[in-house]
Amino acid sequence: MKNFLDIHTTDKADLRAMIDAARRMKDARNGCPKGTPDAELPLKNRMVALIFEKPSTRTRVSFDLGVRQMGGQTMVLSGQEMQLGHGETIADTARVLSRYVDLIMIRTFEEATLLEMAEYASVPVINGLTNRTHPCQIMADILTYEEHRGPIAGRKVVWSGDGNNVCASLIQAAGQFGFDITFTGPRQLDPEAEWLDFARAAGVQAVVERDPVKAVTGADLVVTDTWVSMHDPQSARERRHNQLRGYQVNKALMAHARPDALFMHCLPAHRDDEVTSEVMDGPNSVVFDEAENRLHAQKAIMRWCLNV
Ligand code: CP
Ligand code: NVA
C-alpha cells in the first residue's frame, strides 16, 4: 500500500519523481481552462473521499479539482457530520470507507488518527494536514521553488516564526531534497528536534538561529506561516503574538536575504502579523503560485498512491 503520510517516510526517489511528474502534468495542460479534463484520465472510475476535521480552502478545492481533472469523482466529508465525530472508531471508519472508495485524503488533529486510518484502510491514505505535519503543502512549495529558480538542492531556506506543522514538513524536505534549512523563532516554539536530526543525518545543514537577521542573511527562500494554527488554543494567541512579533517577515528582514530570494507562505495569511502586505504582494512573493501548485503536486501524489 502506497500511503502518502509524510515527507521523511516517503522514498526520496519517489518524492523527486512526484515533483517531476507534477511539473509535466502542469505543462501538459498549458494554461488550459480549470474545469477541462486532462488529456489522460488516470483516475477514471475512481472514487476519492476527502475528509475534513478542520477548515480548509486550498486543500479542499485543489484535491477536488485535481481528481476531476484526472477523470475521477470525489466525496467531500466533514468529520463532524460523519459517525467518526460521534464515537465510531477510526479503524472501523477506515474499513468501511475502503469498501466504497479507492483513495482517502484526511485532514485531522492528532497524527495518531491519520496513522490509524492508514493502518486499517485497505486503500491508500493521504495526509491533508495534522497538528504535526503538512506534507502536501511542502511538495507544492518544492515545485514552486524549482519552477522559479531551478533545483532547490544546495539552496539556503529559512523558516521564520512558529516551528509548526508546515515547518516540520519543510525540515523533513530539507533532508530528502538536499537543501539547507535555518529555523528562526523563539525557543518555546522550536520545531521538534527529531526533524532537525533527520535533516542533519541526511547530510544537510539544519540550524536554529534566534536572531532573525542573522538567520535570513544569504537566504534563497524565506518561509513563514500563521502564528496561531488551527489546533492551537485561542487562549495562546496573545502570548504567541508577543513571542513572535520580532520574527515578522517584512521588507527590512527580506533586505538581508539574497536579492532574488523568494518568499513563501502556505496561506491563509494574517497580513501584517507574520508577514507584511508589502512582502506578500511584493515582487519576490510566490504565495499564489504555491496555492495553484497544490493542485498539480497533489495530482502527482494521487497517481503515485494509486500506481496510475
Ligand atoms: N495551505 C492550506 O493547506 O490551506 P487550507 O487550510 O485552505 O487548505
Ligand atoms: N499551520 C497552519 C497551516 C494551515 C494550512 C495550521 O495548522 O493551522
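See the structure shown above.
Residues numbered from 1 in each chain as written. Chains lettered and ligands numbered in written order. Predicted model: local features only at pLDDT ≥ 70, side-chain atom pairs only at ≥ 80, totals over all residues. Heavy atoms only, no water.

**Q** Explanation requested: the overall build of the protein chain in the structure shown.
**A** Scanning the protein chain for helices and strands turns up twelve helices and nine strands. For 308 residues, the compact-globule estimate of 2.2 N^0.38 gives 19 Å, and the C-alpha radius of gyration of the protein chain, at 19 Å, lies within 12% of that figure. C-alpha extents for the protein chain along the principal axes are approximately 55 × 45 × 35 Å. Expressed as a percentage of the 308 residues in the protein chain, the buried residues total 56%. Sequence-distant contacts, at least 24 apart, represent 75% of the contacts inside the protein chain between residues at least 6 apart. Here the protein chain has roughly 13,000 Å² of accessible surface; of this, 49% comes from carbon and sulfur atoms. Here the protein chain carries 35 positive and 41 negative side-chain charges, and the mean point of each set is 3 Å from the other. (Helix = DSSP H or I, 4+ residues; strand = E, 2+ residues; numbered from the N terminus. Rg over C-alpha atoms; globule rule 2.2 N^0.38 Å. Buried < 20%, exposed > 50% of the residue type's maximum accessible area, 1.4 Å probe, protein only. Contact = heavy atoms within 4.5 Å. Areas by Shrake-Rupley, 256 points an atom, 1.4 Å probe, with all protein chains shown as cover. Lys, Arg positive; Asp, Glu negative; His and termini not counted. Charge placed at Lys NZ, Arg CZ, Asp CG, Glu CD.)

**Q** Quick question: what am I supposed to make of the site of ligand 2 here?
**A** Lining the immediate surroundings of ligand 2 are Leu 129, Asn 164, Asn 165, Val 166, Asp 225, Thr 226, Ser 229, Met 230 and Leu 267. In the model, an oxygen atom of ligand 2 is placed 2.8 Å from a nitrogen or oxygen of the Asn 165 side chain. Within the backbone of Met 230, an N or O atom sits 2.8 Å from an oxygen atom of ligand 2. Out of a free accessible area of 270 Å², ligand 2 has 94% covered by protein chains. Of the residues in the shell around ligand 2, the class split is four nonpolar, four polar and one charged. (Near = heavy atom within 4 Å. Polar contact = N/O pair within 3.5 Å; in protein donor to acceptor, adjacent residues only side chain to side chain. Nonpolar A, V, L, I, M, F, W, Y, C, P; charged D, E, K, R; others polar.)

**Q** Any chance you could explain the environment of Ser 62 here in plain terms?
**A** Within the secondary structure layout, Ser 62 lies in helix α2 (residues 58–69). Sequence spacing of Ser 62 and Leu 114 is 52 residues, and the spatial spacing of their C-alpha atoms is 20 Å. Sequence-distant contacts of Ser 62, that is, excluding residues within four places in its chain, are made with Arg 294, Leu 295 and Gln 298. At 3.0 Å, the side chain of Ser 62 forms a polar contact with the side chain of Gln 298.

**Q** What's the story with the pattern of salt bridges in this structure? I'm lost.
**A** Think of it this way: side chains of opposite charge can pair up when their charged atoms draw near. In this structure the tally under the stated criterion is 21 salt bridges. The shortest N-O distance in the salt bridge between Arg 132 and Glu 194 comes to 3.1 Å. Taken together, the positions of Arg 132 in the loop between β4 (125–127) and α5 (135–149) and Glu 194 in helix α7 (residues 193–201) put the pair 62 residues apart, joining distant regions of the chain. On the basis of relative accessible area, Arg 132 is assigned to the partly exposed category, the value being 22%. Residue classification places Glu 194 among the partly exposed residues on the basis of a relative accessible area of 44%. Bridged by salt links that share partners, the residues Glu 111, Arg 132, Glu 192 and Glu 194 form one connected network. (Salt bridge = Lys/Arg side-chain N within 4 Å of Asp/Glu carboxyl O.)

The values are spatial; any link to function lies outside them.
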